[in-house]
Amino acid sequence: MAHDTEVLVLGGGSTGCGIARDLAMRGLEVTLVERGNLTDGTTGRMHGLLHSGGRYAVSDQASAVECIEENEILREIAGHCVELTGGLFVQRPEDPDDYFREKLEGCRDCDIPARVLSGREAREVEPYLAKDVKRAIQVPDGAVDPFRLCVANAIDAENYGARIETHAEVIDLLRDGDDIYGVTVRHDSGPGKHTHKTPGTTEDITAEYVVNATGAWAGQIGAMADLDVEVRPSKGVMTIMNVRQVDTVINRCRPKGDADIIVPHETTAILGTTDEEVSDPDDYPEEKWEVDMMIDTLSELVPILEEARTIRSFWGVRPLYEPPGRGTKDPTDITRDFFLLDHAERDGVSGMSSIVGGKFTTYRAMAEEISNHVCDQLGVRASCATAKEALPGSENLAVLEEGMDDFGLRSPIARRSKQRLGSRSQEVLETDDPNPVVCQCEGVTRAEVQDAIEQSGSDLNAVRIRTRASMGNCQGGFCCANMANELHPEYDEETTREALDELFQERWKGERHALWGEQLSQAMLNYALHATTMNRDNDPASRTEGVDYGVFDSGAQTASPARSDGGKRTDGGDRADGSRSSSDLRSDGGER
Amino acid sequence: MSDAEQPMDDHVPGEEQGFEPIEVFPEAEDMDLRPGADNCYKCSTCDTNCPVAEVDDEFPGPKFQGPEQWRLKRQEDHDIDESVMKCSNCMRCDSACPSEVPLSQMHNTARAEYVEENMSKLSREYWRNRMLSNYRKLAPLAATFPRTANFVMGLSATQWMGEKVMGIASEREFPEFATQTFRAWWTERGGNDTSRERARAARARRGEETENPHKRIAYFHGCYSNYNTPEVAKALVRVYEHLGYAVMVPEQSCSGTPMFANGMLEDARRAAETNVRELADAIENGADIVASCSSCSMSIRQEYPELFDFEGTEGVAANTWDAVEYLRVHEDLKDELEGTAVDAEFAYHAPCHARNQGLDGQTVEVLSAIDGIDVEDVGDSCSGISGTYGWKEENYETSMKIGEEMFEHMEDAEATTGLTECPTCSMQMGHGTGYEITHTLEVLEAALVD
């Protein structure tokens, strides 16, 4: 029976995109489907730590060794997604000495370069550390942009002939007896680039082999074919600070606990995290105390955080898994190792494997192992090249850095643009057309936005993850209308509006967890701007029902005693003036 | 009205904990001001108040120079955009900001970094800027031979050379050097001792206690009133003595204003160190500090504590005053001026640096108590010269464009004499209108002192 594709990968996160690239590079025909945008699941909701392995050096040395190996590979193949910040495990006076020693020994056992700094030396590296920190272990932690890394994998997979379909939700697994041979997907707006307002379609995609790389959602996919995948989703909160208080990854050096890491990420710093099991990866409470705890606890390490501005918070769900029978109660004790569940071996259903567990830093090694398995299943002999071959954007970075000009941009804008685009800078930024800055907070120019639109269609969230536009302190308040404007005239007015709404809504989702102090002022200003310049508080054009002219004041009238609202204002206050005419009561109950 | 409580908006989050990140940095240029960007919600009020941005479309404005540029920076990055050199350091953005963003501190620090890391130390621009900002170093020479200096500076050949060789606008006329500096006059007059005697006599005349240790001020005259307009400095001495104050004139260096504006932070640091040491001594001896130049007082009150951390910096900043402001707070000036008369009309311009200290309304209010005087405020625009800024060939045009509004309003006013507290605003006012320009203290002297 002829199949549409050799391998079908479900899930556009780091694992799925990594597998798609690996297999495509080995010459296989690959299709990847993703429910939303690339990174929409757990990949886009992590703190961006490129592990040195130090965090696992005591509890899980196998993972630690794997981390340091992959850390070194990613620096080579994904230079434009990685920042070599270095990291510190910082001990406060109340943290146990024993653990500090174990950590140091663990790092040495795992060949993780580690050096002890005195409290004073640690503060020379990071001046905002608390004055009473005792000492620190310096390790080669780094920061990684999960969006760019994941997108670069997808782009490269496409370069090798893969088909990548975003906004294509799996609604059914195609199963014939004990064989899974494909899926049915629902395209949000038809296949190809995402375009709003295009009617949805469904498509059956058949494949010789299906890889379920949907992480925390793997159980839901399995259930479609009556397979039991015991993934235990566990949520964690991350809080984004407006500026980088630290330029080094700061870990708290104590056995385990919530709120023990700060990762400098692009222009921001991300505080993390918690670990709490949830039943549904799409529906779990996002609670204020979780954010408060991040700030309160991490202020013990970096006191300036207490007063610093938070721009948003977000939650991610880890795809934790443990083999049946272990029965671990506390999710923090569940291993971070990954598991390849071959459903043929496990359930007697052939044609599909599921991947669960694992962590971002080792995505490539995971993808390699899974790809080996897939090749075995298909009888393909081809070896993995992903550890050697640089990702698009990271080719010859050292050579390029010297020769690159500023493309007529102001120097901080040029620097940030080049850091994001890497070796693609020239191709994207060199233009004869005017190239104004579209997002001022992050320094993103029109050329970069246009390049992203070319890749991803009318989806502005896809533009956001590629460029960081709208991810700065105004959270899109000033720029998302300008980003939407870049869609026009290729996309019509209706599509553009819809894309704008979707982006702004997504920004608000995280910003609403930061509404105090300066970010509250920012939100108020954003509201006022959007209300007064775009009518976005109450746009008559967006009303479906007609305007009820009867509710408008028809001019000066003699006082009418008729009142229907009992003299109460809709906001709960008493009216000072009891003689207003009833014609000022609006049908929507509001007063303008 | 007066700024007696010194509500300077230099709040940076984190200071409350008594936390001092600065101690590990050897130099202020390495100061990490990224946290200051937290206060900015991008309202752009600073941009709409920036006089340079108003006339120069190429200038990105204070919001970019300050919070945006800092936020995009990483600790190891050293590539401040060159546009920071177009900022005139008028510091209007500081008072425009509704949210306490430390804008001018960010600009000063970024500019210093730009000059240090990106400007060639062999370039004409660097040496021209260095010379302009260290005017105090050249002035003593000129003051030794003032007539020769004035003659040479006035030659058109000198002006041509100035522009071609140094990049100094040939349209500008160099300020004349006085034939006797203020400090020479002060020494000749008998220094602090004479002043103490005169104050004692004045107190006796006024029916006050003859011994009053509280009526003691240390005068920060700055460079300009020493070398170029000693009549302003003399007016201050006479007015204060008339009101019973003993005046001390401590050793002093340039306030640092022109050095900040040119990114010469090391030069400014040396000058500030001397000033803080000498002024702290004076405060120790019971004096308050007053300055006649609004940029000098601005610099000591705001920039010193923002950029330096010598011992006593905060104390000196907290005890420094504008000379007229000090009298408004400590004396009943209205009562003193009652019955005095000066027959004159003035077109008054409030300097940006006075405005930033909350002093823009005081001159018109104080002088209105004098009979026969008519002072008209010519509006809140910037004069455009901003110290050394308008002296540079490349800024001359911008500088005059900014000044246009003030020139027009001066022409429209009845008066044909200008009035201001800032030496360089005064140059610009004279340059744009041809009027004589005088200082508020000189008017007070005419009213109060026989």
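Worth saying up front: this structure is predicted, and the values here are computed from it rather than measured.

1. A word on the overall build of chain A
In terms of helices and strands, chain A carries 17 helices and 22 strands. Relative to the globule expectation of 25 Å for 592 residues, the C-alpha radius of gyration of chain A, 26 Å, shows essentially globular dimensions. When its C-alpha atoms are laid out on the principal axes, chain A stretches across 90 × 70 × 60 Å. Sorting the 592 residues of chain A into buried and exposed places 52% on the buried side. Relative to all contacts within chain A whose residues are 6 or more apart in sequence, the contacts with residues 24 or more apart total 70%.

2. Considerations on the overall build of chain B
Across its full length, chain B holds 24 helices and eight strands. The C-alpha radius of gyration of chain B comes to 21 Å, within 12% of the 22 Å expected for a compact globule of 450 residues. Along the three orthogonal principal directions, the C-alpha set of chain B runs to about 65 × 55 × 40 Å. Across the 450 residues in chain B, those meeting the buried criterion constitute 53%. A sequence separation of at least 24 residues applies to 77% of the contacts in chain B between residues at least 6 apart.

3. Considering the sheet that holds strand 6 (residues 371-377) of chain B
Strand pairing within a sheet occurs via backbone hydrogen bonds; the two strands may be parallel or antiparallel. Residues and elements named next belong to chain B. One open sheet accounts for four strands, arranged 6-5-7-8; its pairing is parallel. Only two strands of the sheet have a single neighbouring strand rather than two, namely strand 6 and strand 8 (436-438). Ignoring strand direction, the axes of neighbouring strands in this sheet form an average angle of 40 degrees. As judged from the two bridges shared by strand 5 (residues 341-348) and strand 7 (residues 417-419), these two strands associate in the parallel manner. Within strand 7, the position partnered with A347 by the bridge is G418.

4. Quick look at the domain arrangement of chain A
Residues and elements named next belong to chain A. Parsing chain A into structural domains produces domain 1 (5-42 + 147-230 + 336-378), domain 2 (79-141 + 236-317) and domain 3 (397-534). Computed over C-alpha atoms only, the centres of domain 1 and domain 3 are separated by 29 Å. Partitioning the side of domain 1 that touches domain 3 into residue classes produces two nonpolar, five polar and three charged.

5. Some words on the interface of chain A and chain B
Counting from both sides, the interface comprises 28 residues of chain A and, opposite them, 29 residues of chain B. Class assignment of the residues belonging to the side of chain A that touches chain B gives a composition of ten nonpolar, eight polar and ten charged.

6. Description of the packing of helix 3 (residues 62-71) of chain B against helix 5 (residues 103-118) of chain B
Residues and elements named next belong to chain B. Direction vectors running N to C along helix 3 and helix 5 enclose 80 degrees, while the axes themselves pass 9 Å from each other. Taken together, the axes of helix 3 and helix 5 are roughly perpendicular relative to one another. Touching P62, Q65, G66, P67, Q69 and W70 of helix 3 are L103, M106, H107 and A110, all from helix 5. Its residues assigned to classes, the contact of helix 3 with helix 5 shows six nonpolar, four polar and no charged.

7. Some details on the environment of T158 of chain B
Residues and elements named next belong to chain B. Looking at the element boundaries, T158 is found in helix 9 (residues 156-166). Since 15 C-beta atoms lie within 10 Å of it, T158 is described here as partly exposed. Taking the C-alpha atoms as reference points, T158 and S170, separated by twelve residues in sequence, lie 8.8 Å from one another. Excluding its chain neighbours within four sequence positions, the residues that come into contact with T158 are V152 and M153.

8. A short note on the pairing of strand 5 of chain B
With six bridges joining them, strand 5 of chain B and strand 6 of chain B adopt parallel strand pairing. Bridging across to strand 6 of chain B, E345 of chain B finds its partner in D374 of chain B.

9. So, the environment of E105 of chain A
Looking at where E105 of chain A falls in the secondary structure, it is placed in helix 3 (residues 97-109). Sequence separation of E105 of chain A and V58 of chain A is 47 residues, and the distance between their C-alpha atoms is 8.4 Å.

10. Thoughts on helix 1 (residues 14-25) of chain A
Residues and elements named next belong to chain A. The end-to-end C-alpha separation of helix 1 is 16 Å, in line with the 16 Å expected for twelve residues at 1.5 Å each. Counting buried positions along helix 1 gives twelve out of twelve residues, so the element sits mostly inside the fold. Those residues of helix 1 that sit buried are S14, T15, G16, C17, G18, I19, A20, R21, D22, L23, A24 and M25. Two residues or fewer past helix 1, G27 is found with a positive phi of approximately 95 degrees.

What counts as what
Residues numbered from 1 in each chain as written. Chains lettered and ligands numbered in written order. Predicted model: local features only at pLDDT ≥ 70, side-chain atom pairs only at ≥ 80, totals over all residues. Helix = DSSP H or I, 4+ residues; strand = E, 2+ residues; numbered from the N terminus. Rg over C-alpha atoms; globule rule 2.2 N^0.38 Å. Buried ≥ 20, exposed ≤ 12 C-beta atoms within 10 Å, placed from the backbone. Contact = placed C-beta atoms within 7 Å. Pairing = 2+ DSSP bridges. Axes fitted to C-alpha atoms, helices over the stretch in contact; angles between N-to-C directions. Domains from an automatic or database assignment. Nonpolar A, V, L, I, M, F, W, Y, C, P; charged D, E, K, R; others polar. Parallel < 35°, antiparallel > 145°, perpendicular 65-115°, else oblique. Expected span 1.5 Å × (residues − 1).

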